[in-house]
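Each chain is listed here by its residues.
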Amino acid sequence: MLGDKKVLYSGMQATGNLTLGNYLGALKNWVNLNEEYECFFGVMDLHSITVRQNPAEFRKRAKSLLALYIAAGLDPEKNCIYYQSHVSAHAELGWILDCFTYMGELNRMTQFKDKSAKHADNVNAGLFTYPALMAADILLYQADYVPVGRDQQQHLEITRDIAERVNAIYEGVFTIPEGYYGKRGAKIMSLQDPTKKMSKSDENPNGSIYLMDDPDTIVRKIKRAVTDSDNSIRYSEDKPGVSNLLDIYSAATGKSIQESEKDFEGKGYGDFKLGVAESVVDVLKPLQDNYNRIINDKAYLEEIIKKNDDKARYVANKTLRKLRKKMGFTDIPR
Ligand code: TYM
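Since we're looking at a predicted model, the values are computed, not measured.

> What should I look at first to understand the site of the ligand in this one?
Taken together, 26 residues lie around the ligand, and Y130, D137, G149, D151 and I188 are the ones closest in. A distance of 3.1 Å separates an oxygen atom of the ligand from a polar side-chain atom of N22. Between the ligand and Y130 there is a distance of 2.7 Å, counted from a nitrogen atom to a side-chain nitrogen or oxygen. When the ligand sits alone it has 720 Å² of accessible area, and the protein chains cover 97% of it. Looking at the shell around the ligand, the elements with two or more residues in it are β1 (6-13), α1 (20-30) and α7 (125-140). The element best represented in the shell around the ligand is β1, accounting for 5 residues. A class-by-class count of the residues in the shell around the ligand yields 12 nonpolar, 10 polar and 4 charged.

Structural data, given as C-alpha cells:
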C-alpha cells in the first residue's frame, strides 16, 4: 500500500521496435489503472544491456519508450513513469537478490533459454540473472499487482519465490506481488507463425506489426497472415492463425471473442482480415499521432523525467534502507 491505494508496477525493455503484442498485451491495459492503484511504470533500460546496444540508438529508444507510455494515455502527473537506470536502488537490490536466487531456478527460465539460443555469442551473466533484477524492480515498490503479458508469468513466479525466501529470513520486508493478465490479448502470436509469440526480435518483419507501422503496411501484413484452408471464422485450438486474428480484433476493439466471431459471421477470410486490419489501424493511429507530438516536446519530457525520477527514488530507497538495516549492513552516514 502507498497511502490508501494498492501499488501496481510494470515496465518494458527499451530495446527494438515495440510490437502490437506489447501494446495489446500490456501498455493498452495500463491506462486508467491509476484511478484505482498507485502506478509505477519503468523504462527498463538496465535490462536492455543484456544484449549489445548502439549508444545513440539506445538513448533514442529509451526516450521513445517514455514518450510512447504518455502517448498511450498514461498521464505522467498521475503515474510515475521513469527510467530504471536513474534509480540506482534497482541495481543494488538486484545484486542482493542475486544472492537469494538459485542457479537451478534461473536455469529453468524459458526466456533465458530462448535468448541464449538467439545470442549464442553473448550468453552473459546478466542475461542469466535477469529475473533477479526484474524481481528487484517489482519488490522495491512493494507492488501488489504486476500487469504483464503471459510470457512474463514465469518471471513473476520466481519474483514471488524470491520475495517469500527473503521474507522468511527478514520478516515483512516485501509485499508478495501478483500477476495481472488482461482478459484479451495476453499472448499475441506471430502473423507468420501463430504458434510463436509476436516478438520485436523476430527476423521476419511480416510476423509482427510494429507500433509505428503505417496503415498500408498494417493492411498488407494482416492480409498475408497465415490462416488455414477451412474458411470458417471461429476461435479454436486447431485454428491458431484465425484465433490469433480474433484475439487481436477482440483486444483492439474491446469486444468479447463471441462478439468478434459474430461480427464476421458468413464472411470470408478476405473480409475478416480487412476488418482486423481496420481495428488495428483504429487503435494505432491516435497512438502514433500523440507520439509524434510528444516526442518533439523536449522541455515537457525533461520536466516529467525529473519529477518522476525523484518520486521513484524516494519509494525505492525506502525499501532498500529497510532491507539493508534488517540484513545488518552498516548505516550510511548522512
Ligand atoms: P518486454 O519488454 O519483453 O515486454 C513488455 C510487455 O509486453 C508484453 N508482451 C506481450 N503481450 C502479449 N503478446 C505478446 N506477443 C507480447 N510480447 C510482449 C510482455 O508480457 C510485457 O508485459 N522482463 C520484461 C520487462 C520488465 C518488467 C519488469 C515487467 C523488467 N522489469 C518489472 C514488469 C515488471 C520484458 O522483457 O518485457
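From this point, the discussion proceeds with the structure in view.
> Got a minute to help me understand the domain arrangement of the protein chain in this structure?
Interface size is commonly expressed as the accessible surface area that is lost when the partners come together. Its domain assignment divides the protein chain into domain 1 (6-180 + 297-327) and domain 2 (205-292). For domain 1 and domain 2, the distance between their C-alpha centres works out to 30 Å. At the interface, 12 residues of domain 1 touch 14 residues of domain 2. Interface of domain 1 and domain 2: buried area, both sides summed, is about 1,200 Å²; carbon and sulfur atoms make up 76% of it. In this structure, the connection of domain 1 to domain 2 is made through 0 salt bridges.

> Help me out: how do you make sense of the pattern of salt bridges in this one?
Proximity of charged atoms lets side chains of opposite charge pair with each other. As enumerated under the stated definition, the model contains 15 salt bridges in all. In this structure, the salt-bridge partner of E57 is R61, at a minimum N-O distance of 3.3 Å. One end of the pair, E57, and the other, R61, are both in helix α3 (residues 55-71), 4 residues apart, so they sit about a helical turn from each other. Here E57 falls in the partly exposed class, since its relative accessible area comes to 40%. Via salt bridges that share partners, D228, D230, R234 and K239 belong to a single interconnected network.

> Explanation requested: the packing of aromatic side chains in the structure shown.
One pair of aromatic rings is described through two measures. These are the centre distance and the angle between the planes. Counted by the stated rule, this structure contains 12 aromatic pairs. With a centroid separation of 4.5 Å and 15° between ring planes, the pair formed by W30 and F41 is classed as stacked. Of this pair, W30 sits in helix α1 while F41 sits in strand β2 (residues 37-44); the two residues are 11 residues apart in sequence, bridging distant segments of the chain. Each of the two residues, W30 as well as F41, counts as buried.

> Help me understand helix α12 (residues 269-294), please; the structure alone is not making it clear to me.
Count 3.6 residues to each turn of an α-helix, and residues three or four apart come out pointing the same way. With 26 residues, α12 ought to run about 38 Å at 1.5 Å a step, and its terminal C-alpha atoms sit 37 Å apart, in line with that. The largest bend in α12 amounts to roughly 25° and is located at L284, with the proline P286 lying one to four residues further along.

About the thresholds
Residues numbered from 1 in each chain as written. Predicted model: local features only at pLDDT ≥ 70, side-chain atom pairs only at ≥ 80, totals over all residues. Heavy atoms only, no water. Near = heavy atom within 4 Å. Polar contact = N/O pair within 3.5 Å; in protein donor to acceptor, adjacent residues only side chain to side chain. Areas by Shrake-Rupley, 256 points an atom, 1.4 Å probe, with all protein chains shown as cover. Helix = DSSP H or I, 4+ residues; strand = E, 2+ residues; numbered from the N terminus. Nonpolar A, V, L, I, M, F, W, Y, C, P; charged D, E, K, R; others polar. Domains from an automatic or database assignment. Contact = heavy atoms within 4.5 Å. Buried area = accessible area lost by both parts, 1.4 Å probe. Salt bridge = Lys/Arg side-chain N within 4 Å of Asp/Glu carboxyl O. Buried < 20%, exposed > 50% of the residue type's maximum accessible area, 1.4 Å probe, protein only. Phe/Tyr/Trp six-rings, centres within 6.5 Å; stacked < 30°, edge-to-face > 60°. Expected span 1.5 Å × (residues − 1). Bend = angle between axes of the 7 residues up to and from the residue.

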